[in-house]
Amino acid sequence: MFTIYTPTKSSQRLGLWPRDRVSGRAFTLVELLVVLFIVAIISAVVFASLISYKRRQSVMVSSAQIATALTDARSRSLAGINDSTHGIYFADDEIIIFEGAAYVTNDPENETVMLETGVRATTTLSGGGRTVVFVRLTGQTASGTVDVFSEGDFSVLRTITIHETGIVSYTE
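An account of the accompanying structure is given in this report. (Residues numbered from 1 in each chain as written. Predicted model: local features only at pLDDT ≥ 70, side-chain atom pairs only at ≥ 80, totals over all residues. Heavy atoms only, no water.)

To continue, consider the pairing of strand β5 (residues 131-134). Residues Val 132 and Phe 134 line the buried face of β5, whereas the alternating positions Thr 131 and Val 133 sit on a face that is not buried. In this structure, strand β1 (residues 86-90) lies alongside β5, joined through 4 bridges in antiparallel fashion. Each residue of the ladder has a partner; that of Ile 88, found in β5, is Val 132. (Buried < 20%, exposed > 50% of the residue type's maximum accessible area, 1.4 Å probe, protein only. Helix = DSSP H or I, 4+ residues; strand = E, 2+ residues; numbered from the N terminus. Pairing = 2+ DSSP bridges.)

Written out as structure tokens, the structure is:
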């Protein structure tokens with residue numbers, strides 16, 4: 001014969017009876033929407049933080065590229081390579097290392113360094129212009145600053161200072 005199992009109170013409390021686990025234990029639509037809303041807010045905060053981090057990193061990398069190019073052009077002038085002066089021309093999204101007393105567009109000897117995407121550089125040089133030329137064998141130049149910033153967030157800024165001696169320094 002067959003016996004029919006009937007749940008005891010202890011088996012119901014422990015969730016051993018299958019019918020009891022199903023009834024009354026599902027998520028409601030409101031609970032699911034609350035969870036989705038919380039996940040969306042956390043995702044938005046994380047995404048904004050990542051974008052800000054990327055902008056800061058891009059400005060930092062571009063600043064280092066500019067400082068390195070300035071130091072390289074000064075070193076070439078100090079060494080008297082090709083018995084010539086050397087300099088840097090600042091375009092909007094690139095810098096160009098050139099040989100000679102003035103920048104010549106499309107000179108095959110020019111070396112172009114592209115700045116990071118979304119990064120721009122503006123110059124404030126004594127004497128004006130967008131060109132820094134280092135004097136041969138002394139490395140001296142007109143003093144000034146180069147501001148490197150993110151197009152999407154102008155608060156992300158680094159300033160590179162060019163001293164009359166040709167020494168380059170930068171700060172955040």
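What follows picks up the thread again.
A few words on the packing of aromatic side chains. In total, this model carries 3 aromatic pairs according to the counting rule given. Consider the rings of Phe 149 and Phe 154, whose centres lie 5.6 Å apart with planes at 45°: the pair is tilted. An aromatic cluster is defined as three or more aromatic residues linked by ring pairs; in this entry it consists of Tyr 89, Phe 98 and Tyr 103. (Phe/Tyr/Trp six-rings, centres within 6.5 Å; stacked < 30°, edge-to-face > 60°.)

If you trace the 4 strands from one edge of the open sheet to the other, you get β4-β6-β7-β8, paired in antiparallel fashion. A single partner strand is all that each edge strand has here, and the edge strands are β4 (119-125) and β8 (168-171). Taken pair by pair, the neighbouring strands of this sheet meet at an average axis angle of 20°, ignoring direction. Where β4 and strand β6 (residues 144-150) come together, 7 bridges link them in antiparallel fashion. Each bridged residue has a counterpart across the sheet, and for Val 119 the counterpart in β6 is Ser 150. (Axes fitted to C-alpha atoms, helices over the stretch in contact; angles between N-to-C directions.)

Where strands meet in a sheet, backbone hydrogen bonds hold them as pairs that are either parallel or antiparallel. Here 4 strands make up an open sheet; going across it, the order is β3-β2-β1-β5 and the pairing antiparallel. Whereas interior strands pair on both sides, the edge strands pair on one side only; in this sheet they are β3 (111-114) and β5. Taken over all neighbouring pairs, the strand axes of this sheet differ in orientation by 15° on average, direction set aside. Where strand β2 (residues 94-99) lies against β3, 4 bridges are found, and the strand directions are antiparallel.

Let's shift gears to the environment of Thr 123. As for its placement among the helices and strands, Thr 123 is situated in strand β4. Once the C-alpha coordinates of Thr 123 and Ile 160 are considered, the two residues, 37 residues apart in sequence, prove to be 9.4 Å apart. When sequence neighbours within four positions are dropped, the list of residues in contact with Thr 123 reads Phe 90, Gly 129, Arg 130, Thr 145 and Val 146. (Contact = heavy atoms within 4.5 Å.)

Applying the stated rule across the entire model yields 5 salt bridges. Between Glu 111 and Arg 76 there is a salt bridge, with the nearest N and O atoms lying 2.9 Å from each other. Of this pair, Glu 111 sits in strand β3 while Arg 76 sits in helix α3 (residues 29-79); the two residues are 35 residues apart in sequence, bridging distant segments of the chain. A relative accessible area of 34% means that Glu 111 is categorised as partly exposed. Looking at Arg 76, the relative accessible area reads 18%, which means it is buried. For Asp 92, the salt bridge identified is with Arg 130, shortest N-O distance 2.9 Å. Linking Asp 92 in the loop between β1 and β2 with Arg 130 in the loop between β4 and β5, this pair joins segments that are 38 residues apart in sequence. According to the relative accessible area criterion, Asp 92 is partly exposed, its value standing at 45%. In this structure, a network of salt bridges that share partners links the residues Asp 72, Arg 76 and Glu 111. (Salt bridge = Lys/Arg side-chain N within 4 Å of Asp/Glu carboxyl O.)

Read these as layout, nothing more, since geometry by itself doesn't imply function.
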